[in-house]
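# Structural overview for review
Listed below, chain by chain, are the residues.
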Amino acid sequence: MKYPITVYGDSILRKKAEVIEKDAEGLKEIIENMWETMYYADGVGLAAPQTGLSIRLFVIDASTGADEEPELKDFKKTFINPEIIDLKGDTWVMNEGCLSLPEIREDIIRPDTVRIKYLDENFVEHDEVYSGFAGRVIQHEYDHLEGKLFIDYLSPLKKRLLKSKLNDIARGFVIPHYKIKIPVK
Ligand code: NI
């Protein structure tokens, strides 16, 4: 089942998401639905709050980055209750987009390397280090669990320039190719 995607203006995107219990009901199905939703929306990653669920879960398929980073060829991972342990390395700029901010792309500066602890879909614990494209997407998706969006990193001026576009998204005037849940005013 595909979920409609929550967009800017929906308060769930600003909430800190809840920790997931090991025996959480329907979790397997939620994860399957998130993969289905992400692929249909042509996303590289999708966090649960973007599907209307305020829980600490995101999925990433970073294999599109394999042209430049061959080790990403099979990068397809589920992150449950992730915890960023450390951010390091030189910062770099990437032009980011987000399914919850349709038609907006901005250059965002982030550190290169992230150390992250998380549980996979079988509740097996991992403690891993990622950099480059994978490190970038992980940081972006993790932010969703903390109620943050990439536009939060922009300068006040840039944010002001985006204001009318953001208002249009919140009012449901921006219709992407995937199904969205229009924020209720
Ligand atoms: Ni996003």
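See the structure shown above.
We now turn to the structure provided with this report. (Residues numbered from 1 in each chain as written. Predicted model: local features only at pLDDT ≥ 70, side-chain atom pairs only at ≥ 80, totals over all residues. Heavy atoms only, no water.)

### Quick word on the pairing of strand β5 (residues 106-119)
- Pairing of strand β4 (residues 76-96) with β5, which is carried by 12 bridges, proceeds in the antiparallel orientation. By the bridge assignment, Trp92 is partnered in β5 with Arg110.
- Hairpin remark: β5 followed by strand β6 (residues 125-130), antiparallel, with 5 residues in the connecting loop; positive phi at Phe123, about 60°. (Pairing = 2+ DSSP bridges. Helix = DSSP H or I, 4+ residues; strand = E, 2+ residues; numbered from the N terminus.)

### Some remarks on the coordination of the nickel ion
- Coordination of the nickel ion by the protein is provided by Cys98 (SG), His140 (NE2) and His144 (NE2), with metal-donor distances spanning 2.1 to 2.3 Å.
- All donor residues of the nickel ion come from one chain, and their arrangement in sequence is C-x41-H-x3-H. Taken together, the residues Cys98 in the loop between β4 and β5 and His144 in helix α2 (residues 132-145) connect sequence positions 46 residues apart. Judged on exposure class, the residue Cys98 and its partner His144 are both buried. (Donors = N, O, S within 2.8 Å, 3.2 Å for Na, K, Ca; no water. Buried < 20%, exposed > 50% of the residue type's maximum accessible area, 1.4 Å probe, protein only.)

### Points about the nonpolar core
- Met34, Leu57, Ile80, Leu101 and Ile151 are the most contacted members of the largest nonpolar core, which has 34 residues in total.
- Sorting the residues of this core by element identifies α1 (27-40), β3 (57-61), β5 and α3 (156-170) as the ones contributing at least two each.
- Considering each element in turn, this core owes the most residues, 6 residues, to α1.
- Those residues in contact with Ile151, other than ones at most four positions away along the chain, are Tyr8, Arg14, Leu101, Lys159, Leu162 and Leu166.
- Ranked by size, the runner-up nonpolar core spans 19 residues in total, among them Ala47, Val114, Ala134 and Val137. (Core = buried A, V, L, I, M, F, W, Y, C linked by side-chain atoms within 4.5 Å. Contact = heavy atoms within 4.5 Å.)

### Some words on the pairing of β6
- By the bridge criterion, 6 bridges tie β5 to β6 in an arrangement that is antiparallel. The partner of Val114 across the bridge, within β6, is Tyr130.

### Considering the sheet that holds strand β2 (residues 45-47)
- An order of β2-β3-β4-β5-β6 is seen for the 5 strands of this open sheet, with the pairing classed as antiparallel. Only two strands of the sheet have a single neighbouring strand rather than two, namely β2 and β6. Neighbour to neighbour, the strand axes of the sheet diverge by 30° on average, direction disregarded.
- Relative to the sheet, α1 contacts β2, β3 and β4, its axis offset from that of β3 by approximately 45°. (Axes fitted to C-alpha atoms, helices over the stretch in contact; angles between N-to-C directions.)

### Quick word on α1
- With 14 residues, α1 should cover 20 Å at 1.5 Å per step; its first-to-last C-alpha distance of 20 Å lies within 8% of that length.
- Of the positions making up α1, those classed as buried are Leu27, Ile30, Ile31, Asn33, Met34, Trp35, Thr37 and Met38.
- Tucked inside the fold, the buried residues of α1 contact β1 (5-6), β2, β3 and β4.
- Positive backbone phi, at 60°, marks Asp42, one or two positions downstream of α1. (Expected span 1.5 Å × (residues − 1).)

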